[in-house]
Amino acid sequence: MPTLKEVITHDLKGAMKGKESETVSVLRMLLSAIKTKEIALRKGEEVSLNDEQVIEVIRSEIKKRNDSVSAYEQGGRQDLANKEKNEIKILEKYLPPSLSDEEIEKIVREEIGSLEEKDFGRAMGKVMARLKGKAEGGKISEIVKKVLNK
């Protein structure tokens, strides 16, 4: 089974052949971000990111674009906001399906139930370790706060 990075590279080649300029641009940027992360982790020998690490890079790129969308909309530049939204859609194709709020809440309740001290920091640490790459951090934080405040 090909790695996520190999899938992205293959899709880039297909987009180049299909002359899909926006997809080509986004996938090149993504591969560049992946390569930058690999270089940062390198300590003498070549490092290749695993799928989980590639997903982290994709989520980071999506977060950057969401921040840009907000800034562009505040600045009245809907054209640029729409471009960023299209890029987000392209990037989201490479993410695994996210867990539903109900599934996240079930896991949060399990993890918090095993804690002696019910504080936010400990709860987030435990929950994030279990849900890393399966759900967005902001959503997890929101649900942890909701469960702790009940």
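Attention in this report is confined to the structure presented alongside it.

## Considerations on helix α2 (residues 21-41)
Over its 21 residues, α2 extends 30 Å from the first C-alpha to the last, a length consistent with the 30 Å expected when each residue adds 1.5 Å. Those residues of α2 that are buried are in contact with α1 (4-17), α3 (51-74) and α4 (78-92).

## Regarding the pattern of salt bridges
If the charged atoms of two oppositely charged side chains come close together, the side chains can form a pair. Scanning the entire structure with this criterion turns up 16 salt bridges. Close ionic contact of Lys-5 with Glu-38 constitutes a salt bridge, the shortest N to O distance being 2.9 Å. Taken together, the positions of Lys-5 in helix α1 and Glu-38 in helix α2 put the pair 33 residues apart, joining distant regions of the chain. Of the charged contacts in the structure, one is a salt bridge between Lys-139 and Asp-101, with a shortest N-O distance of 3.6 Å. Residue Lys-139 is located in helix α7 (residues 137-148), and its partner Asp-101 is located in helix α5 (residues 101-113); the two are separated by 38 residues in the primary sequence. Look at Lys-139 and you get partly exposed, because its relative accessible area is 28%.

## Considerations on the packing of α1 against α2
Relative orientation and spacing of two packed helices are given, respectively, by the angle between their axes and the distance between those axes. α2 packs onto α1 with a crossing angle of 150° between their chain directions and a minimal axis gap of 9 Å. By the criterion of interaxial angle, the relationship of α1 to α2 is roughly antiparallel. Both α1 and α2 take part in a crossing whose hand is left-handed. Contacts between α1 and α2 pair Lys-5, Ile-8, Thr-9, Asp-11, Leu-12, Ala-15 and Met-16 from the former with Thr-23, Val-24, Leu-27, Arg-28, Leu-30, Leu-31, Ile-34 and Glu-38 from the latter. Grouping the amino acids of the contact of α1 with α2 by side-chain chemistry returns nine nonpolar, two polar and four charged.

Procedures and definitions
- Residues numbered from 1 in each chain as written.
- Predicted model: local features only at pLDDT ≥ 70, side-chain atom pairs only at ≥ 80, totals over all residues.
- Heavy atoms only, no water.
- Helix = DSSP H or I, 4+ residues; strand = E, 2+ residues; numbered from the N terminus.
- Expected span 1.5 Å × (residues − 1).
- Contact = heavy atoms within 4.5 Å.
- Salt bridge = Lys/Arg side-chain N within 4 Å of Asp/Glu carboxyl O.
- Buried < 20%, exposed > 50% of the residue type's maximum accessible area, 1.4 Å probe, protein only.
- Axes fitted to C-alpha atoms, helices over the stretch in contact; angles between N-to-C directions.
- Parallel < 35°, antiparallel > 145°, perpendicular 65-115°, else oblique.
- Left-handed = near helix turned anticlockwise from the far one by under 90°.
- Nonpolar A, V, L, I, M, F, W, Y, C, P; charged D, E, K, R; others polar.

On their own, these measurements won't tell you what the molecule is for.
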